[in-house]
Amino acid sequence: MAKKQRLDKAIAMQGSLSRSEVKTLIRKGAVTVNGQVVKNADFGVDFDSDTVAVQGKELSLSMHIYLMLNKPKGVVSASEDKKLPTVVDLVPKELWRKGLFPAGRLDKDTTGFVLITDDGEFAHDILSPKKHISKTYHALVNGTITDEMVEGFAKGVTIGEDFTLPASLKKISSEEQGDWGEVILKEGMYHQIKRMFGAYGLKVLELKRVQMGKLPLDPNLEEGKCRELTAEELRLVSTRDESTEE
Ligand code: URA
């Protein structure tokens, strides 16, 4: 995608000002490009090489935004909902942009890593089963994780009309209610993990997404909070984890 954009749009894309507010500031001479006042809203700026400042404050220009959210229970993975709070509602004002959406859905009662972005192409890439980007979950089930289940997940499980891709299952601990397992998927079918365990007669009591690609959920990010990914973290999200390849 071209990295050049109209000045007014480039500033509005960063989120905190509307296009008309930006236009007024440009007209008033409050916007500089590479240190020179520019009063022309359709002046072309290069996101990689130009420095834009508004009222003396330098902006870090980016075409898109990528956020890591630690999703709490009770929040739906959508951009808007008539009744319930959405993951996008949890984005604070300073990070908010038009067109934000979650790249992949977690159920209302699932917690953990949700990537929120305004970059449709990137979202498509990391979600496509063809790209083999793994998503790692921790699940508490109401019983025992057996070798038969580990082998079954590795072959792929029939769930209703569907057959899943091979998935990794590993038991990580046990507690009174049942076992905790780590599940690694390369796709995201509706209620997939619940249905996979369901095929073995088990119910999922807790489910948390703990990693996307090679990027773990930040352990310091509290539930309900989100923050921007660094360039290196973004690279890790879209990196295949070869250790999970069959
Ligand atoms: N599998 C599920 O069953 N639910 C989720 O939210 C994610 C994976």
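Calculation rules
- Residues numbered from 1 in each chain as written.
- Predicted model: local features only at pLDDT ≥ 70, side-chain atom pairs only at ≥ 80, totals over all residues.
- Heavy atoms only, no water.
- Near = heavy atom within 4 Å.
- Polar contact = N/O pair within 3.5 Å; in protein donor to acceptor, adjacent residues only side chain to side chain.
- Helix = DSSP H or I, 4+ residues; strand = E, 2+ residues; numbered from the N terminus.
- Nonpolar A, V, L, I, M, F, W, Y, C, P; charged D, E, K, R; others polar.
- Domains from an automatic or database assignment.
- Contact = heavy atoms within 4.5 Å.
- Buried area = accessible area lost by both parts, 1.4 Å probe.
- Salt bridge = Lys/Arg side-chain N within 4 Å of Asp/Glu carboxyl O.
- Buried < 20%, exposed > 50% of the residue type's maximum accessible area, 1.4 Å probe, protein only.
- Pairing = 2+ DSSP bridges.

Overview of the site of the ligand
Lining the immediate surroundings of the ligand are L106, D107, T110, Y137, H191, Q192, I193, K194 and L207. Between T110 and the ligand, the recorded distance is 2.8 Å, taken from a side-chain N or O atom to an oxygen atom. Q192 places a main-chain nitrogen or oxygen 3.4 Å from an oxygen atom of the ligand. In terms of residues, the shell around the ligand owes the most to one element, helix α5 (residues 192-198), which gives 3 residues. Counted by class, the shell around the ligand contains 4 nonpolar, 3 polar and 2 charged residues. Shared between two domains, the shell around the ligand holds at least three residues of each, these being domain 2 (66-129 + 215-244) and domain 3 (135-212).

Section: the domain arrangement of the protein chain
Assigned domains of the protein chain: these are domain 1 (4-58), domain 2 (66-129 + 215-244) and domain 3 (135-212). Taken residue by residue, the interface counts 21 residues in domain 2 and 15 residues in domain 3. Roughly 1500 Å² of surface becomes buried between domain 2 and domain 3 when both sides are summed, with 45% attributable to carbon and sulfur atoms. At the boundary of domain 2 and domain 3, one finds 3 salt bridges. Residue K194 pairs with D107 through a salt bridge whose shortest N-O separation is 2.7 Å. Elements represented by at least two residues in the side of domain 2 that touches domain 3 include exactly β9 (111-117), α3 (120-127), β16 (215-216) and α6 (231-237).

What to know about the pairing of strand β14 (residues 178-185)
Counting buried residues along β14, 7 of its 8 residues qualify, which places the element largely inside the surrounding structure. One ladder, built from 6 bridges, connects strand β10 (residues 135-141) with β14; its direction is antiparallel. Across the sheet, residue Y137 finds its bridge partner in β14, namely V183. Pairing of strand β13 (residues 168-175) with β14 involves 7 bridges; the strand directions are antiparallel. Looking at the pairing, E175 lines up with G178 of β14. Following β13, the chain reverses through 2 residues before pairing antiparallel with β14.

Observations regarding the pairing of β9
With respect to burial, β9 is a largely interior element, 7 of its 7 residues being buried. Bridge analysis of strand β7 (residues 66-71) against β9 gives 6 bridges, and the strand direction is antiparallel. Each residue of the ladder has a partner; that of N70, found in β9, is F113.

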